[in-house]
Amino acid sequence: MTSLSSRLLSFLARALDPDDREAALGDLVESKATFGAALHSVLGLIVRRQLQAWRAWKPWLGFVGVSVACGAALLYFSAWFSGAFELYFWLIDNYEHFDPAMLHDAGITFEIGIPLLLRHGALLLLWSWTAGFAFGTLSRGVIWIASMLLIVVAASILTCLTWSGWNPSTGRLLAFTSLMLFAVMPAFVTGAWLGVCRGALSPMAAQAVAYLVALVTMVAAWNAGWWFGAPNAAVFPLCLVLSWPAVFVLATARTSSGRMRKQHS
Amino acid sequence: MLGEFEYHLLSAAARLDENAYGASIQHEIVTTTARRCSTGALYTTIDRLETKGLIETWMGNATAERGGRRKRMVRITAKGVGEASKFYEAVIKASRGVLWEMRPPGVES
């Protein structure tokens, strides 16, 4: 077996647990298996382990729960985003017909719009971190397959949302798409990726980080009118349901603090 | 009751004794049964038997022969011996008086 094929096998075997990887690759070296036979063995073991892992409820909760929560969050965030910036999109489309000084006197400036966008972008980053953390924790054994499936789901939702912002008569597709691609998606993907890495490495969030992120996310998302418009006590339970990743982060933080108290006592 | 492959694995582990690990068990099964034994089937069955308490496993030492990678050692437990014995007795009882019991091994009809 060449070094390239060995490296390829080692790369594929990263989908296995460390002990499985050590044992399987060592067995293949010892038996002097050909590349084809070794590839067949490694892939076969990966498929069997994945099928075994997907029989548990946690990966399904992680995948379906986060997909639904992400879909709802992206839908409501995009609706808010589109509505809040409708005026700015219209201004961009018709900038030739306005005197900038007049807009400035009326308080319609990008100095107001950009900080607003940044605040909501930061909130989206925090929310997606909690979703990524919950996903990474629940899907630890199937992280690669589940991540690929989730990327397909998220990309489909984002494509549909971006396309729905197209208005041929005003041509606001470019402005809407640009803001979605360069503002919304980076915040969402960055937060989600950091959360997945953290959740996959350690199922218990550091207590201070967890409380801060989870509480800020839940309260801020509710106050920002993400879910169902203006804050409303009647829809607060629904907000909690859609913020379940943040609740999950809080729960793991409480679990970790309980275990630490037992260890120190 | 054990499955056929589980019995083959337990028998191979019992025969190999202290030298029972992934690759050696796989080689023993292939030699004994003249059938292919995939790595995936081997390790998932090892996990299943360990969950049932019929074997114990641990990571052994790395060797140069294995490219510096450790091996997964296997040891059959008392419960595993009991279950394997039950399977063996069941096969013996089920085979009494049947045509192939009286035929010498390796002879085809």
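Preceding block: the structure.
Here is a short report on the structure shown in this document. (Residues numbered from 1 in each chain as written. Chains lettered and ligands numbered in written order. Predicted model: local features only at pLDDT ≥ 70, side-chain atom pairs only at ≥ 80, totals over all residues. Heavy atoms only, no water.)

**With respect to the interface of chain B and chain A**
1) Next: Listed per partner, the contact involves 18 residues of chain B and 18 residues of chain A.
2) Next: Inspection of the region where chain B meets chain A yields seven salt bridges.
3) Next: Note that glutamate 22 of chain A is salt-bridged to arginine 70 of chain B, the shortest N-O span being 3.5 Å.
4) Next: Applying the counting rule to chain B against chain A returns nine residue pairs in polar contact (both at pLDDT 80 or more).
5) Next: Elements with a contribution of two residues or more to the side of chain B that touches chain A: helix 2 (22–33), helix 3 (39–51) and strand 2 (69–76) of chain B.
6) Next: Ranked by residues supplied to the side of chain B that touches chain A, first place goes to helix 3 of chain B with six residues. (Contact = heavy atoms within 4.5 Å. Salt bridge = Lys/Arg side-chain N within 4 Å of Asp/Glu carboxyl O. Polar contact = N/O pair within 3.5 Å; in protein donor to acceptor, adjacent residues only side chain to side chain. Helix = DSSP H or I, 4+ residues; strand = E, 2+ residues; numbered from the N terminus.)

**A few points about helix 4 (residues 78–95) of chain B**
Residues and elements named next belong to chain B.
1) Next: A rise of 1.5 Å per residue sets the reference length of helix 4, with its 18 residues, at 26 Å; its end C-alpha atoms lie 26 Å apart and thus fit the reference within 8%.
2) Next: For helix 4, every residue scored as buried is listed here: Gly80, Ala84, Phe87 and Ser95. All buried residues of helix 4 fall inside an arc of 65° around its axis, so they share one side. More than 90 degrees from the buried face of helix 4, the exposed residues found are Ala78 and Lys93. (Expected span 1.5 Å × (residues − 1). Buried < 20%, exposed > 50% of the residue type's maximum accessible area, 1.4 Å probe, protein only. Arc of directions from axis to C-beta.)

**Observations regarding the pattern of salt bridges**
1) Next: Applying the stated rule across the entire model yields 16 salt bridges over all chains.
2) Next: For arginine 66 of chain B, the salt bridge identified is with glutamate 30 of chain A, shortest N-O distance 3.0 Å. On the criterion of chain membership, the pair formed by arginine 66 of chain B in the loop between strand 1 (55–63) and strand 2 and glutamate 30 of chain A in helix 2 (residues 18–30) is interchain, its members lying in two chains. Per residue, the accessibility class of arginine 66 of chain B equals that of glutamate 30 of chain A, and both read buried.
3) Next: We note a salt bridge from glutamate 83 of chain B to lysine 86 of chain B, for which the minimum N-O separation is 3.4 Å. Taken together, the residues glutamate 83 of chain B and lysine 86 of chain B, both in helix 4 and three residues apart, mark about one turn of the helix.

**What about the environment of isoleucine 55 of chain B?**
Residues and elements named next belong to chain B.
1) Next: Within the element layout of this structure, isoleucine 55 appears in strand 1.
2) Next: The spacing of isoleucine 55 and lysine 79 is 24 residues in sequence and 8.1 Å in space, taken between C-alpha atoms.
3) Next: Sequence-distant contacts of isoleucine 55, defined by excluding residues within four places in its chain, comprise Leu10, Ile46, Leu49, Glu50, Val74, Arg75, Ile76 and Thr77.

**Side note on the nonpolar core**
1) Next: Leu2, Ile25 and Leu42 of chain B are the most contacted members of the largest nonpolar core, which has 32 residues in total.
2) Next: Those elements giving two or more residues to this core turn out to be helix 2 and helix 3 (35–53) of chain A together with helix 1 (4–16), helix 2, helix 3 and helix 4 of chain B.
3) Next: Among the elements that take part in this core, helix 1 of chain B stands out by supplying six residues, more than any other.
4) Next: Sequence-distant contacts of isoleucine 25 of chain B, that is, excluding residues within four places in its chain, are made with Leu9, Ala12, Ala13, Leu16, Ala20, Leu42 and Val74 of chain B.
5) Next: In terms of nonpolar packing, the next biggest core, distinct from the first, is built from 31 residues, Phe63, Leu138, Ala146 and Leu150 of chain A among them. (Core = buried A, V, L, I, M, F, W, Y, C linked by side-chain atoms within 4.5 Å.)

**Quick notes on the packing of helix 1 of chain B against helix 4 of chain B**
Residues and elements named next belong to chain B.
1) Next: Put simply, helix 1 and helix 4 touch, their axes get as near as 10 Å, and they point 125° apart. One element, helix 1, and the other, helix 4, form an angle in the oblique class. You can see that helix 1 and helix 4 cross each other, and the crossing is left-handed. Counted together, Glu4, Tyr7 and Leu10 of helix 1 and Gly80, Ala84, Phe87 and Tyr88 of helix 4 form the full contact between these two elements.
2) Next: A breakdown of the residues in the contact of helix 1 with helix 4 according to their chemical character gives five nonpolar, one polar and one charged. (Axes fitted to C-alpha atoms, helices over the stretch in contact; angles between N-to-C directions. Parallel < 35°, antiparallel > 145°, perpendicular 65-115°, else oblique. Left-handed = near helix turned anticlockwise from the far one by under 90°. Nonpolar A, V, L, I, M, F, W, Y, C, P; charged D, E, K, R; others polar.)

**Description of the environment of alanine 251 of chain A**
Residues and elements named next belong to chain A.
1) Next: Tracing the backbone through its elements, the reader meets alanine 251 in helix 12 (residues 244–264).
2) Next: Overall, the relative accessible area of 39% leaves alanine 251 in the partly exposed class.
3) Next: Each C-alpha atom, one on alanine 251 and one on alanine 210, is 8.9 Å from the other, the two residues being 41 residues apart in sequence.

**As for the packing of aromatic side chains**
Any two aromatic rings considered together are summarised by their centre-to-centre distance and by the angle between their planes.
1) Next: Evaluated as defined, the whole model comprises three aromatic pairs over all chains.
2) Next: Centre to centre, the rings of tryptophan 129 of chain A and phenylalanine 133 of chain A are 5.4 Å apart; their planes meet at 15°, and the pair counts as stacked. In this pair, tryptophan 129 of chain A and phenylalanine 133 of chain A both sit in helix 7 (residues 110–138), four residues apart, roughly one turn of the helix.
3) Next: In this structure phenylalanine 133 of chain A comes out as buried when scored by relative accessible area, which is 0%.
4) Next: With a centroid separation of 4.5 Å and an interplanar angle of 25°, the aromatic rings of tyrosine 7 of chain B and phenylalanine 87 of chain B are classed as stacked. Taken together, the positions of tyrosine 7 of chain B in helix 1 and phenylalanine 87 of chain B in helix 4 put the pair 80 residues apart, joining distant regions of the chain.
5) Next: Assessed through its relative accessible area of 19%, tyrosine 7 of chain B is described here as buried. (Phe/Tyr/Trp six-rings, centres within 6.5 Å; stacked < 30°, edge-to-face > 60°.)

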